[in-house]
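These are the residues of each chain, in order.
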Amino acid sequence: MEVKLISKSFEPDLTAAAAAVGCYSAKDPYSLLKKMDSKRAGEVLKVVMESGHHSVVEHAVFTFSVKGVSRALTHQLVRHRVASYSQQSQRYVRIEEPDVVVPPSIERDKKKKEMFMNLMKNIWELYKGLTNSKVPVEDARYILPNATRTNITITMNARSLLNFFSIRCCVRAQWEIRELAYKMLEIVKKEAPLIFKNAGASCEMLGYCPEGEKSCGRYPTLEELKKKAKSSTTSGGSINEGDASVFPVRSASCCTDGSI
Ligand SMILES: Cc1cc2nc3c(=O)[nH]c(=O)nc-3n(C[C@H](O)[C@H](O)[C@H](O)COP(=O)(O)OP(=O)(O)OC[C@H]3O[C@@H](n4cnc5c(N)ncnc54)[C@H](O)[C@@H]3O)c2cc1C
């Protein structure tokens, strides 16, 4: 798998921060952007990200080139609707030789790999036979496996990327799309370190695991946190004021004053 950044919007961190400030300023977004620096953007985006007002990071857009992933991966990928995709066509591109992704569980076992590759060779022989005997490529492709390699262009905004990472960096995600998510995360963390500061699996962003019984155990589940909070309340304890300090006063007021 090869993942490359093709393009990104201008200064993603600063643009998103200026957009946020613009909601509360008499000044125009362009003037605010010209004055924005990393320090101020860091302060602004901390509040924005913690308060969940993530629409401002939609102004940051990234386009990736993804090479050599399986069709099994792209089938999962395109379920992420808040994105744009352009995928190599199996109608117009004839795949001459077996070109497949071999899952590690098969790759590491010599016998299983041999059986897998033999099947791939047989599939491709039939594919070539069909296409050589006037069966349209678009029909012959019906016999191609999920393992078939493909290339795809992905464009996603930062908000959608955060959602993508939260779901697909989780250990519950399938290994190949997880690998893609981590490669994309590594790229955007360099390009927009403020927006993606806490990006990753949902547990890393939330501080708890939303997967319930299916949790890997790395973080407490929401149920566990609720039980803990309940027992501390019933035993006379109270929620530590310090816990609420992660929600800055400015974000609290913007939720109640109806300004956005
Ligand atoms: C471990 C795992 C297992 C999965 N198993 C299955 C499975 O067995 N079968 C299956 O079909 N899928 C499965 N999925 C795919 C999953 O259900 C989602 O379709 C996929 O992850 C895309 O997520 P999304 O909808 O949040 O993303 P996007 O489509 O990019 O949407 C982003 C966000 O926009 C909002 N949104 C988008 N569209 C709508 C809408 N129509 N209405 C309201 N809000 C909307 C939602 O808040 C959503 O989270 C699995 C995913 C994972 C990670």
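So, a few notes on the structure that sits alongside this text. (Residues numbered from 1 in each chain as written. Predicted model: local features only at pLDDT ≥ 70, side-chain atom pairs only at ≥ 80, totals over all residues.)

1. Focus on the overall build of the protein
No. 1: Scanning the protein from N- to C-terminus turns up 13 helices and four strands.
No. 2: Looking at the 260 residues of the protein, the share that counts as buried comes to 26%.
No. 3: If you take every contact in the protein between residues at least 6 apart in sequence, the share linking residues at least 24 apart comes to 69%. (Helix = DSSP H or I, 4+ residues; strand = E, 2+ residues; numbered from the N terminus. Buried ≥ 20, exposed ≤ 12 C-beta atoms within 10 Å, placed from the backbone. Contact = placed C-beta atoms within 7 Å.)

2. Some words on the site of the ligand
No. 1: Near the ligand, the surroundings consist of Arg79, His80, Arg81, Val82, Ser160, Asn163, Ile167, Arg172 and Ala173.
No. 2: Grouping the amino acids of the shell around the ligand by side-chain chemistry returns three nonpolar, three polar and three charged. (Near = placed C-beta within 6 Å. Nonpolar A, V, L, I, M, F, W, Y, C, P; charged D, E, K, R; others polar.)

3. Concerning the pairing of strand β4 (residues 149–157)
No. 1: The pairing of strand β2 (residues 61–70) with β4 spans eight bridges and is antiparallel. If you follow Val61 over to β4, its bridge partner there is Asn157.
No. 2: Where strand β3 (residues 84–87) meets β4, four bridges bridge the pair, whose relative direction is antiparallel. In the strand pairing of β4, Tyr85 is matched with Ile154. (Pairing = 2+ DSSP bridges.)

4. Here's the deal with helix α1 (residues 12–22)
No. 1: Taking burial as the measure, the 11 residues of α1 include 10 buried ones, the bulk of the element.
No. 2: Three or more residues of α1 are buried, namely Pro12, Asp13, Leu14, Thr15, Ala16, Ala17, Ala18, Ala19, Ala20 and Val21.
No. 3: Packing partners of the buried residues in α1 comprise β1 (2–8), α2 (29–35), α3 (38–51), α8 (158–168) and α9 (175–191).

5. Section: the environment of Leu185
No. 1: In this fold, Leu185 is placed in helix α9.
No. 2: The exposure class assigned to Leu185 is buried, which follows from the 20 C-beta atoms found within 10 Å.
No. 3: Along the backbone, Leu185 and Gly200 are 15 residues apart, and their C-alpha atoms lie at a distance of 7.4 Å.
No. 4: Not counting chain neighbours up to four residues away, the residues in contact with Leu185 comprise Phe165, Cys169, Ala199 and Gly200.

6. Examining the packing of α1 against α3
No. 1: Where α1 meets α3, the closest approach of the two axes is 9 Å, and the angle between their N-to-C directions is 65°. The chirality of how α1 crosses α3 is left-handed. Contacts between α1 and α3 involve Asp13, Leu14, Ala16, Ala17, Ala20 and Val21 from the first element and Ser38, Arg40, Ala41, Val44, Leu45 and Val48 from the second. (Axes fitted to C-alpha atoms, helices over the stretch in contact; angles between N-to-C directions. Left-handed = near helix turned anticlockwise from the far one by under 90°.)

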